[in-house]
Amino acid sequence: MKYCKRCLYPQNHALNIILDSEGVCSGCRVHEEKYTIDWDKKEAELASILSHYKEREGTSYDCVIPVTGAGDDFFVVDTIKNKFGLNPLLVTYNTHFSTKVGVRNLARLIAKLDCDHMMSTVGPDTIKEISRITLSKIGDMYWHVLAGSQTFPVQVATKLDIPLIIWGVNGWLDQVGMYSHEDKVEMTKKVRKEHALRCLDAESLIGESPLVTHKDLQAFTYPSDEQLEKSRVRGLYLGNYVFWDSQKQIEDMIQKFGYETHEQERTYNTYESIYCSNNASVHDYVKYLKYGYGKVNDHVARDIRLKRLTREEGLERINKYVHVKPKALDQFLQWANLSESEFIGALDQFRDPAAWKRSETGEWELTHSFNDIDLSDSSQALEVIDPREYIQTDLLEQQSPDDDYILLGRSYMDENNFKAVEG
Ligand SMILES: [Zn+2]
């Protein structure tokens, strides 16, 4: 296995990275653009685009912003509403896996930023069946969240005649440098299907189970080309117009709005993914079982690129978290009515041969170890100039990985009930 000499990403990254002749990956190269781009100019460009939407007549909402209650959402909504003066409609696809801290942060976002909000909740039996089907069909128990959260905002925008959707950062640009900032890539039907959904559209699930019919898949069915053409919905990534720095942005949001953070089982990042019990745990463990790396690699790569971690510190964190089997798995298995062997076995055919091989006794073994990385070659290492740890805020209510998922949360932000406890 080859690794990026700078950020330590393995070459078999699921989104594809390209290592150049110096052994540096495409994600690191695109990150370098951030230091040469004239961000004031970019911001002026964004202001000009947004002004067209702000000045549309006869509408109540200027744009749709998809949110989960994550820290980045606070930043996007604060920027779009308070800095640029648009009136956004916030929309959420219900993951079914909400955590206590996630529910509080979402309520906090709606209340403190004073925005209208809509949520799409699919029937639980349908979601469970879809999760089992996609697990066996594409080795992914999280497809419904990706599909739903990329579909619902577009459905709302087309139905309510709101021609703009503001997304945060483009993950394909940020992680692996699939695009340059200058490409100004936008969110389209093609991008969604090819990259986000691993080419599995809702229609492909028809016929897999009597419980999953066209009617059951409404939440995952993208508007038709005709509808899209008529409504001319445009999906912008804010990350193409501002120097995207999640950690700093979220620290501002902690200060400004009291965003709560939480520790996680498979990464040291206490800011991201905390709204969902599975995003950085079971879903990420699946990534590890397929590709041999996990979210901790994403976080290390980013923090190295932002000159916050040395490669040695990064490697230590990767080794601490990447192999962790999350306690949250038990809750998921119970929810999905699967045994652990059914779950793990379903992933066998999706193991990347670059990362995993079967031993003579039939056990899966990694073909490589992150300790194989040769750190003695420091030609591409970056100097740490902004060391920064992730803050753990006080929690209003304790939570643990074996908590039940919350389907719909309580509204916490009123003084009388924001510290509500069970019962
Ligand atoms: Zn790299």
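Above this text is the structure in question.
Note that the structure is a prediction, hence the values are computed from the model and not measured.

Quick notes on the rules
Residues numbered from 1 in each chain as written. Predicted model: local features only at pLDDT ≥ 70, side-chain atom pairs only at ≥ 80, totals over all residues. Heavy atoms only, no water. Helix = DSSP H or I, 4+ residues; strand = E, 2+ residues; numbered from the N terminus. Rg over C-alpha atoms; globule rule 2.2 N^0.38 Å. Buried < 20%, exposed > 50% of the residue type's maximum accessible area, 1.4 Å probe, protein only. Contact = heavy atoms within 4.5 Å. Donors = N, O, S within 2.8 Å, 3.2 Å for Na, K, Ca; no water. Phe/Tyr/Trp six-rings, centres within 6.5 Å; stacked < 30°, edge-to-face > 60°. Patch = residues over 30% accessible without salt bridge, like charges linked within 9 Å, V, L, I, M, F, W, Y side chains within 5 Å. Areas by Shrake-Rupley, 256 points an atom, 1.4 Å probe, with all protein chains shown as cover. Salt bridge = Lys/Arg side-chain N within 4 Å of Asp/Glu carboxyl O. Axes fitted to C-alpha atoms, helices over the stretch in contact; angles between N-to-C directions. Parallel < 35°, antiparallel > 145°, perpendicular 65-115°, else oblique. Nonpolar A, V, L, I, M, F, W, Y, C, P; charged D, E, K, R; others polar. Right-handed = clockwise from strand over helix to strand, strands pointing away. Expected span 1.5 Å × (residues − 1). Core = buried A, V, L, I, M, F, W, Y, C linked by side-chain atoms within 4.5 Å.

Peer 1: Describe the overall build of the chain, listing the residues and the values that go with them.
Peer 2: For the chain, the helix and strand inventory stands at 15 helices and 7 strands. Taken against the 2.2 N^0.38 rule, which gives 22 Å for 423 residues, the C-alpha radius of gyration of the chain at 21 Å falls within 12% of a compact globule. Along the three orthogonal principal directions, the C-alpha set of the chain runs to about 65 × 55 × 50 Å. Buried positions account for 57% of the 423 residues belonging to the chain. Here the analysis covers contacts within the chain between residues at least 6 apart in sequence; of these, 77% occur between residues at least 24 apart.

Peer 1: Quick rundown of the side chain of His 262? Include the residues and the values.
Peer 2: As for its position among the elements, His 262 is in the loop between α10 (246-257) and α11 (282-291). His 262 sits in the buried class, given a relative accessible area of 11%. When residues no more than four places from it in sequence are discounted, the contact partners of His 262 are Val 101, Asn 269, Thr 270, Ile 274, Gln 392, Leu 395 and Gln 399.

Peer 1: I'd like a description of the coordination of the zinc ion, backed by residues and values.
Peer 2: Six octahedral donors around a metal ideally subtend angles of 90 or 180 degrees, whereas four tetrahedral donors ideally subtend 109.5 degrees. Within the protein, the zinc ion binds to Cys 4 (SG), Cys 7 (SG), Cys 25 (SG) and Cys 28 (SG); these donor distances fall in the range 2.3 to 2.4 Å. Sequence spacing among the residues donating to the zinc ion works out to C-x2-C-x17-C-x2-C. Judged by relative accessible area, which is 0%, Cys 25 ranks as buried. For Cys 28, a relative accessible area of 1% gives the class buried.

Peer 1: An account of the packing of aromatic side chains is requested, with residue identities and associated values reported.
Peer 2: In total, this model carries 21 aromatic pairs according to the counting rule given. Ring geometry for Tyr 285 and Tyr 288: centres 6.1 Å apart, planes at 25°, overall stacked. Here Tyr 288 and Tyr 285 lie together in helix α11, a separation of 3 residues that amounts to about one turn. Across this residue pair, the class does not change: Tyr 285 and Tyr 288 are buried. Tyr 288 gets classed as buried once you look at its relative accessible area, which sits at 7%.

Peer 1: Report on the environment of Tyr 53, specifying residues and quantitative values.
Peer 2: Structurally, Tyr 53 is set in helix α2 (residues 39-54). Sequence separation between Tyr 53 and Asn 87 is 34 residues; the distance between their C-alpha atoms is 9.9 Å. With residues up to four places along the chain from it excluded, the contact list for Tyr 53 reads Asp 62, Pro 163, Leu 164 and Arg 234.

Peer 1: Can you break down a nonpolar patch on the surface residue by residue, with the values?
Peer 2: On the surface, Met 119, Leu 407 and Leu 408 cluster together to form a nonpolar patch covering roughly 270 Å² of accessible area. Relative to the helices and strands, Met 119 resides in strand β3 (residues 116-120).

Peer 1: Any chance you could break down the packing of helix α3 (residues 71-83) against helix α4 (residues 100-112) for me, citing the residues and the numbers?
Peer 2: In the contact formed by α3 and α4, the axes pass within 10 Å of each other and the chain directions differ by 5°. It follows from the interaxial angle that α3 and α4 lie roughly parallel. Contacts between α3 and α4 involve Asp 73, Phe 74 and Val 77 from the former and Asn 105, Arg 108 and Leu 109 from the latter. Grouping the constituent residues of the contact of α3 with α4 by class yields 3 nonpolar, 1 polar and 2 charged.

Peer 1: Got a sec to walk through the pattern of salt bridges? Specific residues and values, please.
Peer 2: Opposite charge on two side chains permits them to pair, given that their charged atoms come into close proximity. The full count for this structure, using the stated rule, is 30 salt bridges. For the salt bridge of Glu 32 with Arg 6, the shortest nitrogen-to-oxygen distance reads 2.7 Å. Taken together, the residues span a long stretch of sequence, with Glu 32 in helix α1 (residues 26-32) and Arg 6 in the segment before α1 at a distance of 26 residues. On the accessibility criterion, Arg 6 (8% relative accessible area) is buried. Among the ionic pairs, Arg 132 bridges to Glu 129, the shortest N-O distance being 2.8 Å.

Peer 1: Tell me about the pairing of strand β1 (residues 63-66), and please be specific about residues and values.
Peer 2: The alternating pattern of β1 places Cys 63 and Ile 65 on one face and Val 64 and Pro 66 on the opposite face, and all of these are buried. The parallel pair β1 and strand β2 (residues 88-93), bridged by α3, forms a crossover whose chirality is right-handed.

Peer 1: Explain the side chain of Thr 158 to me, using residue names and the numbers behind them.
Peer 2: Secondary-structure assignment places Thr 158 in helix α6 (residues 143-159). When residues no more than four places from it in sequence are discounted, the contact partners of Thr 158 are Pro 223, Gln 227, Leu 228, Ser 231 and Val 233.

Peer 1: Now, about the environment of Glu 45: what can you tell me, with residues and values included?
Peer 2: Mapped onto the secondary structure, Glu 45 falls in helix α2. Under the relative-accessibility criterion, Glu 45 is labelled partly exposed at 25%. Taking the C-alpha atoms as reference points, Glu 45 and Tyr 241, separated by 196 residues in sequence, lie 7.8 Å from one another.

Peer 1: Residues and numbers for α6, please.
Peer 2: An α-helix turns once every 3.6 residues. As a result, residues three or four positions apart point the same way. In a regular helix each residue adds 1.5 Å, so 17 residues correspond to 24 Å; α6 covers 24 Å between its end C-alpha atoms and thus fits that length. Taken across its 17 residues, α6 has 14 buried, putting it largely inside the fold. Immediately downstream of α6, the backbone of Asp 161 shows phi near 60°, a positive value.

Peer 1: Residues and numbers for α3, please.
Peer 2: An ideal rise of 1.5 Å per residue puts 18 Å on 13 residues; α3 measures up with 17 Å between its terminal C-alpha atoms. Taking burial as the measure, the 13 residues of α3 include 10 buried ones, the bulk of the element. Every buried residue of α3 is accounted for by Gly 71, Asp 72, Asp 73, Phe 74, Phe 75, Val 76, Val 77, Asp 78, Thr 79 and Ile 80. The positive-phi residue at the C-terminal boundary of α3 is Gly 85, with phi of around 75°.

Peer 1: Can you tell me about the nonpolar core, naming the residues and giving the values?
Peer 2: Ranked by internal contacts, the top residues of the largest apolar core, which has 93 residues, are Ile 80, Ile 166, Phe 220, Phe 332 and Phe 343. Contacts of Phe 332, omitting those with residues within four sequence positions, involve Phe 97, Met 141, Asn 278, Val 282, Phe 343 and Tyr 405.

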